Amino acid sequence: MVTIHIDGREYEVEAGKNLLETCLTLGLDLPYFCWHPAMGSVGACRQCAVVQYQNAEDTRGRIVMGCMTPVSDGAIFSLGGDKASGFRKAIVESLMLNHPHDCPVCAEGGECHLQDMTVMVGHRDRKYRGRKNTHRNQYLGPLINHEMNRCITCYRCTRYYRDYAGGTDLAALASRDRVYFGRHEEGRLESEFSGNLVEVCPTGVFTDKTLVHDYTRKWDLQSAPSVCTGCAHGCNTLPGERYGRLKRVHNRFNAEVNGYFLCDRGRYGAGYVNTDRRLDYPGLRDANGKYAALSAAAAVAQLGSLCGEGDIAAIGSPRASVESNFLLRCIAGANNFAPGFSDAEQKLVRHALDLQRASRARIPDLQALESADAVLVLGEDLTNTAPRMALALRQSVRNKAYAMAADLRLLPWQDAAIRNLAQEERSPLYIAATGDTRLDDVATGRFSLSPAAIAEFGTAVAARLRGAAPSTDDSDFGARVAAVADALRSAERPLIVSGTGCWDSSIMGAAAEVAEALADAGRSPMLSLVVPEANSMGQALLCDGDAPDLGALEERARNGEFSTLVILENDLFRRGPRQPMAQLLDAFTTVVAIDGMDNATTSEAQLVLPAASALESEGTLVSLEGRAQRHYPVFQPGEGRDAAWRWLLALADIRGVASLAGVQHFDDVTRACAESCAALAAIVAAAPTGDYRSHGVKVPRQPPRYSGRTAMRANVSVHEPKQPVDEDSPLAYSMEGLNRDEPSSLLPYVWSPGWNSNQSLHRFQAEVGGPIRGGSAGIRLLPDEAAAPRPATGTGAAPEEERGGFQLVPRWRIFGSGELSALSPGIDELVESGFVELDAQAAAELGVGPGDGLVIGDDLATLRVKINNEMAAGCVGFSVGLDGCENLAAPCRVSLRRAENWQRDPSDAQLIGSDRRQYG
């Protein structure tokens, strides 16, 4: 700690920080534009100018930039003196020369960092009367709106997009006094993290296109803390609602999970709640197959007549909350409840849980991921299966640069200096996958291998770490194994990443063996295993032990054990080929589906109960690292919809489930789950209970400037009705309450006087860049400390024997592989049609080229061809979840043949894949 003086006051602050972040941590207002806590300092905007004095006798001082000045013991600064404030006013005026001053029509209005800083420095009158530089805006895709005339050239956008996120198609293009931030030509931004430009940009240059088309001011948005359901990473989000519609999703800071950034699927993938496929009323199918709408009371009565007596089977869902799945499991009985995975996926997720429990490796959070100084990824294309983790690994490769900087006494926030020092030097990142990945540009090495070969490679690395002699059969293979083993052995914080992405448990077993070998060698390894859906790990913990799979339920139904099936938020036709799933449903006389969206499974049910989405209901989700986190309803569901757990409580009451007697509120369900399931005992601590109050009052979902409540119902009545009451959470559907000092799991929005933009986040943090005061949201259910030493074990299922045909491998897509996000406006335009990927040699043997049709197996699917020379030899990839791929499941071997009479799509003239330069 050091002592500094600011405007005559003495402060004890942390050494090594720059003055700007120190002032913000102290609660002092010092304006800035280009600096960002996740990206460091470059001193581009000159807005954080202060006066620094040599000593107490110095009366003149000199102007320095706060973001580029480290604090030192005895340093004397002035923020409010005439020299500093006058300089900052001049800077703002110069930055605003070409700005259109269009605040009333700007989508950023009311949450604009430029507005806040302009007011903060006191700039009111514009002296410049000349012509402004103007620019033509670009089309940047369906997600991002571009308004270049509002730019103040702070360079935040390109620093984030290129330096932080690794994008290559956005740049600062300049000629004379004209600087243009955009693409070399119009087109969709290619980065999967482009949506963060909306929050990174301090003006309105980049805004949410989906919000612009359905606009509401920030102060009129009702918000609540939520959790992204796009993948298993568990990113924290802040959805905003108005008029019963989701308007946008912003990042909710959690230092241990997602930090300042989201992927585009997380930011835009929740728009499905506004689509026409949302179910609004219960429906009962008549003898003609048509559905008749029911009232809620009539639906409960029908539920009683269909499910009131006898044993029932139940299928849960890894995208539904822990509480909803728990209730359904209690109602049906543990032996009659399938967690809702496909039969193969259920074993994989269970294996991932067992491996993490047994491993001596630490399960890393976001900060640990970014701190890794050597990384091995086995079998995962992380940008498509766990995008936020991929962004973290992009930061991990910079740890060598930070080590080099430390040797020269450069501070870690001196971003430009460190990048100039390091150039292309990176910490080792090795990837073994079935094809190319979006992290290849920062990888030390990426090896294209079949799933069996990936497992073999991981096993060989573990053996090398334990001192085994290198293989002599394949010198190239042995050299790769040696390079990876040496890099991991030399690292202080080695990280092994694998998961279910290849649908091969032996790969995860090999990853665990590498971690154990590192532990045996005295290192402190980290192990992260990716699972597919938002609550996949929660389902594995809930069904701790054996649980029947879908095939077992079907067999028992055909044997007459039960005739009624209840399905919770799960489209079974996405769990396997259509015919087996149809046979499963046909085995039951009665099917009841509880879901929020119309899908193939609800169309086969006798009774459909509309479930509120995660944005309209409360629930707990368990992320891939075993972190239980709570999401809260942002707005109340429509009249006909209700939370799934409420429908299930009604069913439990009908059936008289003794273990659920007296359970009425959400907290009761959570407590009952914690008491009955030891693996989930800690979920009660994931968030405060419904009776929590902040300084005696509830936490408001609406900001202090929320307006127009009466006007919203002006077409109904001039009288404002009573605000809805939320009996199950400590949040209020109102602007009345107090948003201060509550735990981070209850933070509904960030706003502070003078800081209307998301930059006000520092007002809620313990220190700038640090956790929210009160700690990070959620609680870990899996240990993040090393387990007891264990003997070496096998690597799971044995690799599949080589046979004829091609090895079918999954190729995941961030846009399209997810069930619900693909329905969201904006995202739906990015979802491509189904495809297969194979290398040019295999394509030539089959007589196909880019865009041709290829028949897979015994007419399992006919898909268009992509040529990708980075695919592993003998492997053919298929697009998981995209149209036409419903009957495909990996791993298996298939035959391929050219499709006759295939109509080529004109857009397929250009190759999409690793060889687009060759064919484009």
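### Regarding the overall build of the chain
Alright, step 1. Along its length, the chain carries 25 helices and 37 strands.
Alright, step 2. A compact globule built from 920 residues would reach a C-alpha radius of gyration of about 29 Å, and the chain, at 28 Å, matches this within 12%.
Alright, step 3. The dimensions of the chain, computed from C-alpha atoms along their principal axes, are 95 × 80 × 60 Å.
Alright, step 4. With 920 residues in all, the chain has 59% of them scored as buried.

### Details of the nonpolar core
Alright, step 1. Residues Leu382 and Phe457 are the most contacted members of the largest nonpolar core, which totals 141 residues.
Alright, step 2. In terms of residue count, helix α18 (residues 505-520) provides more of this core than any other element does, 8 residues in total.
Alright, step 3. Not counting residues within four places of it along the chain, the set of residues in contact with leucine 382 comprises Val377, Pro387, Met389, Ala390, Leu393, Leu439, Val497 and Val530.
Alright, step 4. Counting 39 residues, the second-largest nonpolar core is a separate cluster that includes Met148, Tyr160, Ala165 and Leu761.

### Things to note about the packing of helix α9 (residues 322-332) against helix α22 (residues 644-655)
Alright, step 1. Here α9 crosses α22 at 15 degrees, and the two axes come no closer than 9 Å. One element, α9, and the other, α22, form an angle in the roughly parallel class. In terms of crossing hand, the pair formed by α9 and α22 is left-handed. Contacts between α9 and α22 involve Ser324, Leu327, Leu328 and Ile331 on the former and, on the latter, Ala644, Trp645, Leu648, Leu649, Leu651, Ala652 and Arg655.
Alright, step 2. Looking at side-chain class alone, the contact of α9 with α22 contains 9 nonpolar, 1 polar and 1 charged residues.

### Regarding the pattern of salt bridges
Alright, step 1. This model, assessed by the stated rule, comprises 58 salt bridges.
Alright, step 2. Ionic pairing is found between arginine 627 and glutamate 256, a salt bridge with its closest N-O pair at 2.9 Å. Placement of the pair is arginine 627 in strand β27 (residues 627-631) and glutamate 256 in the loop between β13 (245-251) and α7 (264-268), with a sequence separation of 371 residues.
Alright, step 3. A relative accessible area of 2% places arginine 627 in the buried class.

### Some words on the confidence of the model for the chain
Alright, step 1. Per-residue confidence for the chain gives a mean pLDDT of 92; residues scoring 70 or more make up 96%.
Alright, step 2. Below a pLDDT of 50 lies the segment residues 791-802, which in the model reaches 21 contacts outside its immediate sequence neighbourhood of four places, other chains included.
Alright, step 3. Every residue in residues 910-920 scores below 50 in pLDDT, and together they form 18 contacts with partners more than four places removed in sequence or on other chains.

### Concerning the environment of leucine 79
Alright, step 1. Within the secondary structure, leucine 79 sits in the loop between β5 (76-78) and α2 (82-95).
Alright, step 2. The class for leucine 79 is buried, based on a relative accessible area of 7%.
Alright, step 3. When the C-alpha positions of leucine 79 and leucine 26 are compared, they lie 13 Å apart, and in sequence the two are 53 residues distant.
Alright, step 4. Once you skip the residues sitting within four places of it in the chain, leucine 79 turns out to touch Ile6, Asp7, Cys23, Leu28, Asp29, Leu30, Val50, Ala84, Ser85 and Arg88.

### Side note on the packing of aromatic side chains
Alright, step 1. Per the counting criterion, the structure on display carries 15 aromatic pairs.
Alright, step 2. Ring centres 5.9 Å apart and planes at 85 degrees place the aromatic pair phenylalanine 457 and phenylalanine 477 in the edge-to-face group. Of this pair, phenylalanine 457 sits in helix α16 (residues 451-465) while phenylalanine 477 sits in helix α17 (residues 475-490), and the two are 20 residues apart along the sequence.
Alright, step 3. Linked through ring pairs, Tyr160, Tyr164, Phe253, Tyr260 and Phe261 together constitute an aromatic cluster.
Alright, step 4. The side chain of arginine 578 reaches across the aromatic face of phenylalanine 573, ending 4.5 Å from its centre.
Alright, step 5. Positioned above the aromatic ring of phenylalanine 835, the side-chain terminus of lysine 866 is 4.0 Å from the ring centre.

Calculation notes
- Sequence order sets the numbering: in each chain, residues are counted from 1 along the sequence as written.
- Reporting of local features is limited, given that this is a predicted model, to residues whose pLDDT is at least 70; pairs of side-chain atoms are given and counted only at 80 or more, and all residues count toward the totals for whole chains, interfaces and linings.
- Note that water and hydrogens are dropped before the side-chain values are worked out from all heavy atoms of the structure.
- Going along the chain from the N terminus, every DSSP run of H or I of four or more residues is numbered as a helix, and every run of E of two or more is numbered as a strand.
- The size measure is the radius of gyration over C-alpha atoms, and the globule rule it meets is 2.2 Å times the number of residues to the 0.38 power.
- Note on classification: 1.4 Å probe, protein chains only; a residue is buried when its accessible area is under 20% of the maximum for its type, exposed when over 50%, partly exposed between these limits.
- Joining through side-chain atoms within 4.5 Å is the link that ties buried Ala, Val, Leu, Ile, Met, Phe, Trp, Tyr and Cys residues into a set, and such a set is a nonpolar core.
- Only heavy atoms matter for contacts: two residues are in contact if any of them lie within 4.5 Å across the pair.
- Lines fitted to C-alpha atoms define the axes here, with helix axes fitted over just the stretch in contact, and angles between the N-to-C directions of these axes take values from 0 to 180 degrees.
- Throughout this description, any angle smaller than 35 degrees is read as roughly parallel, any larger than 145 degrees as roughly antiparallel, any in the 65 to 115 degree range as roughly perpendicular, and the remainder as oblique.
- Each helix crossing is assigned a hand: it is left-handed if the near helix lies turned anticlockwise from the far helix by less than a right angle, otherwise right-handed if that turn is clockwise.
- Three categories are distinguished: nonpolar for Ala, Val, Leu, Ile, Met, Phe, Trp, Tyr, Cys and Pro, charged for Asp, Glu, Lys and Arg, and polar for the others, with Gly belonging to the last.
- Salt bridge, as used here: a side-chain nitrogen of Lys or Arg that lies within 4 Å of a carboxyl oxygen of Asp or Glu.
- Think of pLDDT as the predictor's per-residue confidence, scored from 0 to 100.
- Geometry of aromatic contacts follows a simple scheme: Phe, Tyr and Trp rings, the Trp one being its six-membered ring, pair when their centres are within 6.5 Å, and the pair is stacked under 30 degrees between planes, edge-to-face over 60, tilted otherwise.
- Criterion for a charge above a ring: Arg CZ or Lys NZ at most 6 Å from the ring centre, at most 35 degrees from the ring normal.

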